[in-house]
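Single-letter residue listing:
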Amino acid sequence: MTLIRKKVAMEITNILLLSLLLFSCTTSTKQSEEEIVEVKLTKLEELLLLPTDTVMDYYDLSNDSISEFPNLSNYTIKTLNLSHNLLDTLIFDYMPRDIVSLNLSHNEFEGVFDLDPEYLLSFEEREKIYEKETLREIDLSYNSLTKVVIGFSFRKIDVSHNDVTYINFNHKYIEYVDISYNPNLSNFVAFDPRRIDT
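Residues numbered from 1 in each chain as written. Predicted model: local features only at pLDDT ≥ 70, side-chain atom pairs only at ≥ 80, totals over all residues. Heavy atoms only, no water.

> Looking at this structure, I do not really get the sheet that holds strand β3 (residues 101–103). What am I missing?
Through backbone hydrogen bonds, the strands of a sheet pair up, either in parallel or in antiparallel fashion. Spatially, β1-β2-β3-β5-β7-β9 is the arrangement adopted by the six strands of the open sheet, whose pairing is parallel. One side of each edge strand has no neighbouring strand; the edge strands of this open sheet are β1 (55–60) and β9 (176–178). For this sheet the average axis-to-axis angle between neighbouring strands, irrespective of direction, equals 15°. (Pairing = 2+ DSSP bridges. Helix = DSSP H or I, 4+ residues; strand = E, 2+ residues; numbered from the N terminus. Axes fitted to C-alpha atoms, helices over the stretch in contact; angles between N-to-C directions.)

> How should unusual backbone geometry be read in this particular structure?
Trans peptide bonds make up most of the peptide bonds, and negative phi angles are found at most residues other than glycine. The phi dihedral of H84 is positive, around 55°, even though this residue is not glycine. Locating H84 in the fold gives a position in the loop between β2 (76–81) and β3. For Y142, which is not glycine, the phi dihedral falls at a positive 55°.

> Whenever I open this one, a negative patch on the surface confuses me. Can you help?
Together, E68, D88, E108 and E110 line one region of the surface with negative charge. By relative accessible area, E68 is classed as exposed at 65%. (Patch = residues over 30% accessible without salt bridge, like charges linked within 9 Å, V, L, I, M, F, W, Y side chains within 5 Å. Areas by Shrake-Rupley, 256 points an atom, 1.4 Å probe, with all protein chains shown as cover. Salt bridge = Lys/Arg side-chain N within 4 Å of Asp/Glu carboxyl O. Lys, Arg positive; Asp, Glu negative; His and termini not counted. Charge placed at Lys NZ, Arg CZ, Asp CG, Glu CD. Buried < 20%, exposed > 50% of the residue type's maximum accessible area, 1.4 Å probe, protein only.)

Written as structure tokens, this is what we have:
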């Protein structure tokens, strides 16, 4: 009888130990699941989870610690706010489809900003590109730019609060230019004589 009691007690002890072990594994799994749920996605990660055929009038990626220009070429975004990030390069081929306005203020752009990829093309060829391109407004304020060259026909350009000493842009459709707070900006005005309407 004593041997049977010892055996039953041992079985009960094993069952209790196994139950405790299973309970601790379940608790550990629940804690891990809770930890995964608590992970917060960045704004960029949230955007990249959206279907690429989503059409957005505005998307805010500001203050998202983005250091490399994200490839958004599969998305349709009219106005994109990338301000207050760590960007120092614009990759034109990564721009969203149908973009009209781009805010790159408060980033880490410095030196020369050259948005004139078609500089070897004739004026007529550039006009054809203008008809295809949708980007019309760019904000580059509060960076460390010294020279800005923009070959596209924008309506609005903001390069205020930089260290710009030279700026050249296609002025055919320009409506607004802010060059304030660039203390070293020269008085030299550059233009393409072929664009003067005579």
